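Understanding the architecture of this molecule
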Amino acid sequence: MPGTDEAAEAITAAVVDSFRDTPDPRLRELLQGLVRHLHDYVREVRPTTQEWEHAVDYLTAVGQTCDPTRQEFILLSDVLGVSTLVETVNERGGGTESTVLGPFHVVESPRRASGDSVDLMGAGTPCVVSLRVRSADGSPLAAASVDVWQCTEDGFYDVQQPDVQPRGNGRGLFRTDHEGRLWFRTVVPSHYPIPTDGPVGRLLLATGRHPYRPAHIHFIVEADGHRPLTTHMFVADSPYQDSDAVFAVKESLVVDFAQVDDADKARAYQVTAPFRMAEFDIVVEPEPEPTEDAR
């Protein structure tokens, strides 16, 4: 009868081999790699049967917490650093650094024109965000789609306060002009805690980790012939930049939201002085040319 270690290796080999006829080679690679690493983890830490049952119950609870406005599995991926790692290993280094999607993105933001306000509450110090979208060679990208979403100055997204915030508050789907530019009015977002009333919150509590994220604005940028980019713009003076709960802060994405006292400039941007202003260049990478095999 084989020893325990030999039997364990045989189980792994059998499971890996069970995927050998998977028609899609990439799917085969992903599944076989997952099995090898997951089985290595089990052999390394040797969870008891009760611990593994607890892990299954925990993942079940994570799935049961998901709903149309909250994605607990994304949140779990975020706090384990996997979301940021996936973004990082897929970067090619020719554009703006990417960051996590986060659990509060919605399928479709309200369409807005450049100069519109995403702040539907009308409270707090006004802020103007000016963006320029360029290709990696420096050329401006006209008609690029820029999906924007952010929390309020109190640290809540619209989906967290459906009885307080109008739906679509803090959100907008914009198009750049012929120079690759757009701007919008808003408020400076606050740092905030990720949701802690579910399984991910229990994990943070059990491990002594705080739930806070530094203040930021989310963007998804899409342009013809270019790779989609998911990124943030972090507010320079926000707390928790050195300990983001989801490990997403990158120095190149930290932007100064300067105070502007110029009344003429305020009128030009349809706000009142003093206001805060942030300028952010976003560079997206061209899609690679198809190979001969792909053609």
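So, a few notes on the structure that sits alongside this text. Every residue gets a number counted from 1 within its own chain, in the order that chain's sequence is written. A pLDDT threshold of at least 70 governs which residues receive local features in this predicted model, and a stricter bar of 80 or more applies before side-chain atom pairs are shown or counted, although totals over entire chains, interfaces and linings include all residues. Excluded from the side-chain calculations are hydrogens and water; all other atoms, namely the structure's heavy atoms, are used.

Structural notes on empty space enclosed by the protein
Picture a little ball the size of a water molecule; that probe, rolled over the atoms, points out where space is still empty. Spelled out, the test is: Buried and open spaces are told apart on a 1 Å grid over the protein atoms alone, a cavity being a set of points where a 1.4 Å probe fits but cannot get out and a pocket being an open set with protein on both sides within 12 Å along at least five of seven lines. Residues with an atom within 4 Å of a point are the lining residues. Grid points are joined across faces, edges and corners, and a volume is the space filled by probe spheres set on the points. Classes in brief: Ala, Val, Leu, Ile, Met, Phe, Trp, Tyr, Cys and Pro nonpolar; Asp, Glu, Lys and Arg charged; the others, Gly included, polar.
Applying the stated criterion to the full structure yields one cavity of 30 Å³ or more. Size it by volume and the largest cavity reaches roughly 60 Å³. In terms of lining residues, the largest cavity is bounded by D78, G102, P103, F104, Y157, Y192, I194, R213, H216, H218 and V246. Residues belonging to the lining of the largest cavity are distributed by class as follows: six nonpolar, three polar and two charged.

Remarks on the sheet that holds strand β4 (residues 181-187)
To keep things clear, this is the line we draw: We call two strands paired when DSSP finds no fewer than two bridges between them. Runs of E in the DSSP output that reach at least two residues are strands. Runs of H or I that reach at least four are helices, and both are numbered from the N terminus. Structural elements are reduced to axes, namely lines fitted to C-alpha atoms, with helices fitted over the stretch in contact, and the angle between N-to-C directions of any two is expressed from 0 to 180 degrees.
The strand order β4-β1-β11-β10 describes an open sheet built from four strands, whose pairing is mixed. Here the strands that pair on one side only, and so sit at the sheet edges, are β4 and β10 (258-260). With strand direction ignored, the average angle separating the axes of adjacent strands in the sheet is 30°. For β10 and strand β11 (residues 275-284), the ladder comprises three bridges, and the chain directions are antiparallel. Within β11, the position partnered with V260 by the bridge is F275.

Focus on the nonpolar core
Our working definition: To define a nonpolar core, start from buried Ala, Val, Leu, Ile, Met, Phe, Trp, Tyr and Cys residues and group those joined through side-chain atoms within 4.5 Å. Exposure categories follow from relative accessible area, calculated using a 1.4 Å probe and restricted to protein chains: below 20% of the type maximum is buried, above 50% is exposed, and the middle band is partly exposed. Contacts are assigned to residue pairs that have any heavy atoms within 4.5 Å of one another.
Residues L131, F184, F219, M233, F257 and I282 are the most contacted members of the largest nonpolar core, which totals 41 residues. Excluding anything up to four places from it in sequence, M233 contacts V129, A215, H216, I217, F219, L253, V255, F257, A278 and F280.

Digging into the side chain of E72
We count it as follows: Two N or O atoms form a polar contact when they lie within 3.5 Å of each other; inside protein one atom must be a possible hydrogen donor and the other a possible acceptor, and for residues adjacent in sequence the pair counts only when both atoms belong to side chains.
By the element assignment, E72 lies in helix α4 (residues 72-79). We classify E72 as buried; its relative accessible area is 0%. In terms of polar contacts, E72 uses its side chain to reach the backbone amide nitrogen of V200, at 3.1 Å. In this view, E72 contacts V62, T65, C66, G198, P199 and V200; residues no more than four positions away in its chain are not counted.

Structural notes on the sheet that holds strand β8 (residues 229-235)
Across the sheet, five strands lie side by side as β3-β2-β7-β8-β9; this open sheet has mixed pairing. Strand pairing shows two members of the sheet lacking a second neighbour, β3 (171-175) and β9 (254-255), which therefore form its edges.

Section: the pairing of β11
Along a regular strand, successive side chains alternate from one face of the sheet to the other. Across the ten residues of β11, eight count as buried, placing the element largely inside the fold. In the sheet, strand β1 (residues 126-135) pairs with β11 via nine bridges, with the strands oriented parallel. Along β11, the bridge assignment pairs R132 with D281.

So, unusual backbone geometry
With an omega of -5°, the peptide bond between A273 and P274 qualifies as cis. Considering the arrangement of structural elements, one finds P274 in the loop between α7 (263-268) and β11. With phi around 60°, A143 is a residue other than glycine that occupies positive phi space. Locating A143 in the fold gives a position in the loop between β1 and β2 (145-149). Look at F247: it is not a glycine, yet its phi comes out positive at around 60°. You can see F247 is positioned in the loop between β8 and β9. For F247, a relative accessible area of 46% puts it in the partly exposed group.

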